[in-house]
Amino acid sequence: MTDPNFDFDLIVIGAGYGGFDAAKHAAGKGLKVAIIESGDMGGTCVNKGCVPSKALLAASGKVREIANYEHLAKFGIHASPVRFERSKIADHANNLVSNVRENLTKTLKRSGVEIILGFGRLEGNQKVGVRDNNGIDRIFTCKNTVLATGSSPFVPPGITLDNRTVFTSDEAVKLEWLPRWIAIIGSGYIGLEFADVYTALGCEVTMIEALENIMPTFDPDITKIAKKNLIQSRDIDTKSNVFATKITPGCPVKIELTDAKTKEIVENLEVDGVLVATGRSPNSKNLNLDSVGIKTIKGYIPIDDQMRVINGEKIIPNVWAVGDVTGKLMLAHTAAAQGTVAVENICGGHTEINYRSIPAATFTHPEISSVGLSENDAKEIAIKESFTLGVVKSYFKANSKALAELESDGILKLLFNKDNGKVLGAHIFGMHAADLIQEIANAISRNQDVIQLATEVHTHPTLSEVVEVAYKQAASQVK
Ligand SMILES: Cc1cc2nc3c(=O)[nH]c(=O)nc-3n(C[C@H](O)[C@H](O)[C@H](O)COP(=O)(O)OP(=O)(O)OC[C@H]3O[C@@H](n4cnc5c(N)ncnc54)[C@H](O)[C@@H]3O)c2cc1C
């Protein structure tokens, strides 16, 4: 398979989850592969994202559980006051990061992938340049290039970071200190997960959201129950419809809040720390994209469903892009799936990705998850495609396992096509929602209908019966 006319069959720029998967898959297919990384092997997910944040959520979740005397007392359990060591929780996250990073690097080396440390860029067609940390520049030829440069925290204008009192998730995952009162700017999944960690560890949180409502990206029914459990019942104060127009680091940190509609300054806050969780920006600068005619859209590299980089209708030959830098469902498993699809197509396949079957989860306690269409999008599509939309809800309070765990506040909303029974989407709030969503994601991926799904037997007593109940309700409504 190796082409002797090139230094490499494939050069991947960026060793995050997307780049890792592409490089490993390509090496497995017999290609000569190099991967270029300018920071830490493993990218955001391993070093500053999924891995450390889930380690912090695991530890702080245990603290929350043991500290919840009222809940434990309902089981007849009386625990002694809970003590925790912040630095050991931080160590748990840091050690996990090192382990996962080491394993990922070893896996690439074992697969025969050449790791090149430095900043990569395109150098025209089928050429890649790399500048290493010592300023040494090299040019390599390659048959194909995969751009997998990921994303970085977006910090709105007016906000000054000092990375100590005002910081992003890049620093928050290190848990270097616990501000007594912390403001979290943004109520997306990253803001919610950190609010979960901080409140479990005794911090007071103020959540600030520029849009009209807190948790604007979630399903409204899910938001209602999630707000009650994750925000209102905790030491969290919320302010929506306001922009944090100026944040000055220090002791205290000063925050100026401006009304989103009137543009008038409405409040000044003084807090101990601020976490800025206002989304992510693509890493597409300094890649010399012009050298092959790539035009980014709001910084994102445009691709088709086969991961080929495109400029309008035109396909840019031999250049592929995957992961956060493409701006599609910015999650680690999306990046990895895109990496595999890109390599399949580089090797002559015609594989496409179905973004509708990719699940997303927020690992709060309890969790939130979703897959497929939102109810609003489903309504629009139903009108356009002339089918009847079905919506059913299944409740954790009717589930024996949830009741046994005394965790029965939860809901699953299933969206389906009443004419043919096909599953269109699902939204879940409740214990282990992140695991439950997978079954529905698989059903969407396999294009299954609820009549067939309703016949599948689920283990009793498990939370998966919440899904079974939804399928059965939906099946009874199919025309
Ligand atoms: C706090 C947090 C929690 C998250 N939790 C989850 C979660 O639970 N589940 C989930 O699925 N996703 C989660 N994510 C999102 C997930 O981390 C990203 O979607 C994923 O890392 C994207 O992978 P990627 O390969 O596209 O990019 P990245 O992981 O960002 O990797 C890109 C790599 O490219 C390198 N690079 C950039 N430019 C160059 C260059 N020119 N030359 C060489 N190297 C370069 C960077 O240094 C980086 O290592 C989380 C993110 C954050 C911030």
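Since the structure is predicted, the reported quantities are computational estimates derived from the model, not experimental observations. (Residues numbered from 1 in each chain as written. Predicted model: local features only at pLDDT ≥ 70, side-chain atom pairs only at ≥ 80, totals over all residues. Heavy atoms only, no water.)

A. Fine view of the site of the ligand. Taken together, 39 residues surround the ligand, and among them Glu37, Thr44, Lys54, Gly120 and Asp324 come closest. Tyr17 has a polar backbone atom sitting 3.2 Å from an oxygen atom of the ligand. In this structure, an oxygen atom belonging to the ligand sits 2.6 Å away from a side-chain N or O atom of Thr44. Here the ligand has 1,000 Å² of accessible area as a free molecule, and 94% of this is covered by the chains. Breaking the shell around the ligand down by element, the ones donating at least two residues are α1 (17–28), β2 (33–37), α2 (43–48), α3 (50–67), β4 (119–122), α7 (189–200) and α9 (332–346). The element contributing the most residues to the shell around the ligand is α2, with four residues. Of the residues belonging to the shell around the ligand, the class tally is 16 nonpolar, 17 polar and six charged. (Near = heavy atom within 4 Å. Polar contact = N/O pair within 3.5 Å; in protein donor to acceptor, adjacent residues only side chain to side chain. Areas by Shrake-Rupley, 256 points an atom, 1.4 Å probe, with all protein chains shown as cover. Helix = DSSP H or I, 4+ residues; strand = E, 2+ residues; numbered from the N terminus. Nonpolar A, V, L, I, M, F, W, Y, C, P; charged D, E, K, R; others polar.)

B. Spotlight on the packing of aromatic side chains. Enumeration according to the criterion identifies two aromatic pairs in this entry. When the ring of Phe8 is compared with that of Phe140, the centres are 5.8 Å apart and the planes differ by 65°; the resulting orientation is edge-to-face. Placement of the pair is Phe8 in strand β1 (residues 8–13) and Phe140 in strand β6 (residues 137–147), with a sequence separation of 132 residues. Relative accessible area serves as the criterion here: at 11%, Phe140 is assigned to the buried category. Ring centres of Phe194 and Tyr198 lie 6.2 Å apart, and the angle between their planes is 35°; on these two criteria the pair is classed as tilted. Taken together, the positions of Phe194 and Tyr198, both in helix α7 and four residues apart, correspond to about one turn of that helix. For Phe194, a relative accessible area of 4% corresponds to the buried category. For Tyr198, a relative accessible area of 2% gives the class buried. The positively charged end of Lys32 is found above the aromatic ring belonging to Phe8, 5.2 Å away from the centroid. It is Lys397 that lies over the ring of Tyr395; its NZ or CZ is 4.9 Å from the centre. (Phe/Tyr/Trp six-rings, centres within 6.5 Å; stacked < 30°, edge-to-face > 60°. Buried < 20%, exposed > 50% of the residue type's maximum accessible area, 1.4 Å probe, protein only. Lys NZ or Arg CZ within 6 Å of the ring centre and 35° of its normal.)

C. Here's a closer look at the sheet that holds strand β21 (residues 389–395). One open sheet accounts for five strands, arranged β19-β20-β23-β22-β21; its pairing is antiparallel. The open sheet has two edge strands, β19 (360–362) and β21, and neither has a second partner. Looking at each pair of strands side by side, their axes are set apart by 10° on average, direction ignored. One ladder, built from seven bridges, connects β21 with strand β22 (residues 411–417); its direction is antiparallel. When the sheet's bridge partners are listed, Lys393 is paired in β22 with Lys413. α7 rests against β19 and β20 (367–372) of the sheet, and its axis sits at about 30° to β19. (Pairing = 2+ DSSP bridges. Axes fitted to C-alpha atoms, helices over the stretch in contact; angles between N-to-C directions. Contact = heavy atoms within 4.5 Å.)

D. Local environment of unusual backbone geometry. The omega torsion across Cys251 and Pro252 is 5°, close enough to zero to call that bond cis. With respect to the secondary-structure elements, Pro252 resides in the loop between β12 (242–248) and β13 (253–259). Cis geometry is adopted by the peptide bond preceding Pro366, which originates at His365 and carries an omega value of -5°. By the secondary structure assignment, Pro366 is in the loop between β19 and β20. Here the phi dihedral of Ser386 falls at roughly 55°; this positive angle occurs in a residue that is not glycine.

E. Main features of the state of the cysteines. Counted according to the given criterion, the structure contains one disulfide. The disulfide that involves Cys45 links it to Cys50, with 2.4 Å between the sulfurs. Where Cys45 bonds to Cys50 through sulfur, the torsion about that S-S bond is close to -130°, and the disulfide is left-handed. Judged by its relative accessible area of 29%, Cys50 falls in the partly exposed class. The thiol sulfur of Cys203 is not disulfide-bonded, and the nearest other cysteine sulfur, from Cys251, lies at 15 Å. For Cys203, a relative accessible area of 2% corresponds to the buried category. Judged by relative accessible area, which is 80%, Cys251 ranks as exposed. (Disulfide = S-S within 2.5 Å.)

F. Molecular detail of helix α12 (residues 433–445). Here α12 contains 13 residues, and its C-alpha end-to-end distance of 18 Å stays within 8% of the 18 Å for a straight helix at 1.5 Å per residue. Every buried residue of α12 is accounted for by Ala433, Ala434, Leu436, Ile437, Ile440, Ala441, Ala443 and Ile444. Against the buried residues of α12 lie β19, β20, β22, β23 (423–430), α13 (450–453) and α14 (464–475). Of the residues trailing α12, Asn447 is marked for its positive phi of about 60°. (Expected span 1.5 Å × (residues − 1).)

G. Structural detail: the sheet that holds strand β14 (residues 265–271). The antiparallel open sheet is built from three strands, whose spatial order is β12-β13-β14. One side of each edge strand has no neighbouring strand; the edge strands of this open sheet are β12 and β14. Looking at each pair of strands side by side, their axes are set apart by 25° on average, direction ignored. Bridging between β13 and β14 involves six bridges; their strand directions are antiparallel. When the bridges of β14 are listed, Thr258 appears paired with Ile265.

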